[in-house]
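Take a look at the letters that make up each chain.
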Amino acid sequence: MDKGLQAFIDKLNTLSFGNMYENDFYFTWDKTDDELAAVFTVADALRYMREQNISTKIFDSGLGISIFRDNSTRTRFSFASACNLLGLEVQDLDEKKSQIAHGETVRETANMVSFMADVIGIRDDMYIGKGHTYQKTVVDAVTQGYHDGILEQKPTLVNLQCDVDHPTQCMADMEEIIHYFGGVENLKGKKLAMTWAYSPSYGKPLSVPQGVIGLMTRFGMDVVLAHPEGYDVFPECEEIARKNAAKSGGSFTKTNSMAEAFKDADIVYPKSWAPFAAMEKRTELYGNGDFDGIDALEKELLAQNAEHKDWTCSEELMKTTKDGKALYLHCLPADISGVSCEQGEVDASVFERYIDPLYKEASYKPYIIAAMIFLAKCKNPQETLKKLAERNQPRLFQ
């Protein structure tokens, strides 16, 4: 057995994660510490095997169904890459080309697309109170379909972003942090600043900042949530962060000062999001078909954003971080001042300096998603990894 792969198997042998088998992935805070560690370990193992030119296909056939109700580049291709890595074909459900417009229900759609599907990835992050509810409705439908003998297997749900959490993104962020600082054991006491930043657009989801504070507080870090007054996130997510910090020995604090959050920070994550209260109002307006109200709200929020143009990741702020060299994170695409917009979330010089770690951060997402699928489909992941190594089938024949 290859020593590198054996180390990953040995790590899995120390963890308890059996409940992930035939289960779904909604939120990181639904998972135990061991279950999250298993995802990171399998992700690293799959990446290692691909780099060693070893095929990781555990499926000979099957579908991965992607449902994107919002635009996407990184997550869409990451899901497709993850499915392909494991041997699944990907089929995207384009709701505009389906029978949904003719009255097809969510229950019917979910079962019709799942006859040979092993995983369903859903992004639905636009409206407060809707995204997670839709994902849960799909899972309930296919679970019933499986129990009734309609489906030969129950597809696993992977949350590719909802209104509450963005687990695949935040776990990819965490993978970057773990590798950057040389291991989980080196994270205790590190200061992470999750801060709002100015954007010339409105309506950006809250799920990234909520996912970050809900996950990073589990590793003993000192997590600071910073935003102007009125840009609050879900109170429930803040409470999760507080409980996580208390349990891990870290801390979770809030401030209305970007400068305070950046001071002596080891990691900074400046990212725009819409106010929780405004997003609730937006959902209500769309539900009522009040498009005039939506236009008025958009103008109001853009004006509100414009009052905080000084909330930007500048070279001056970066100098105040730990040794002036904090790790800069972003889920991408960033609003880059002078590049993608006149004024935005980050100075062009800062973004350019961190472009390699930013792209590396994004590169972990396919493996994180693949690991989530792997752990849901393999009853004994250690044995499956061992068999893949013994099979030793090249990914690329030369």
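Definitions and cut-offs
Residues numbered from 1 in each chain as written. Predicted model: local features only at pLDDT ≥ 70, side-chain atom pairs only at ≥ 80, totals over all residues. Heavy atoms only, no water. Patch = residues over 30% accessible without salt bridge, like charges linked within 9 Å, V, L, I, M, F, W, Y side chains within 5 Å. Areas by Shrake-Rupley, 256 points an atom, 1.4 Å probe, with all protein chains shown as cover. Salt bridge = Lys/Arg side-chain N within 4 Å of Asp/Glu carboxyl O. Helix = DSSP H or I, 4+ residues; strand = E, 2+ residues; numbered from the N terminus. Buried < 20%, exposed > 50% of the residue type's maximum accessible area, 1.4 Å probe, protein only. Core = buried A, V, L, I, M, F, W, Y, C linked by side-chain atoms within 4.5 Å. Contact = heavy atoms within 4.5 Å.

A. Representation of a nonpolar patch on the surface within the structure. Nonpolar side chains collect at one region of the surface, where Met-112, Phe-115, Met-116 and Ile-150 lie side by side and expose about 420 Å² of accessible area between them. Considering the arrangement of structural elements, one finds Phe-115 in the loop between helix H4 (106–112) and strand E3 (117–124). When its relative accessible area of 38% is taken as the criterion, Phe-115 is described as partly exposed.

B. Up close: the nonpolar core. With 124 residues, the main nonpolar core has Met-174, Ile-177 and Tyr-328 as its most contacted residues. The biggest single contributor to this core is helix H2 (residues 33–51), with 10 residues. Residues in contact with Tyr-328, not counting those within four places in the same chain, are Val-268, Pro-270, Cys-313, Met-318, Ala-334, Val-346, Phe-351, Tyr-354 and Leu-358. Among the nonpolar cores identified, the runner-up in size contains 6 residues, and Ala-278, Leu-285, Leu-297 and Leu-301 belong to it.

C. Summary view of the pattern of salt bridges. Throughout the structure, instances matching the rule amount to 14 salt bridges. Of the charged contacts, one joins Arg-47 and Glu-51 as a salt bridge, the two residues approaching to 3.7 Å between their closest N and O atoms. Of this pair, Arg-47 and Glu-51 both sit in helix H2, 4 residues apart, which is roughly one turn of the helix. Since its relative accessible area comes to 15%, Arg-47 is described here as buried. Glu-51 gets classed as exposed once you look at its relative accessible area, which sits at 56%. Two residues, Asp-124 and Arg-69, come together in a salt bridge whose shortest N-O distance is 2.8 Å. Here Asp-124 is found in strand E3, whereas its partner Arg-69 is found in the loop between strand E1 (63–68) and helix H3 (74–86), with 55 residues between them in sequence. Residue class for Asp-124 comes out buried when judged on its relative accessible area of 5%. Salt bridges sharing partners connect three or more residues here, namely Asp-232, Glu-238, Glu-239, Arg-242 and Lys-254.

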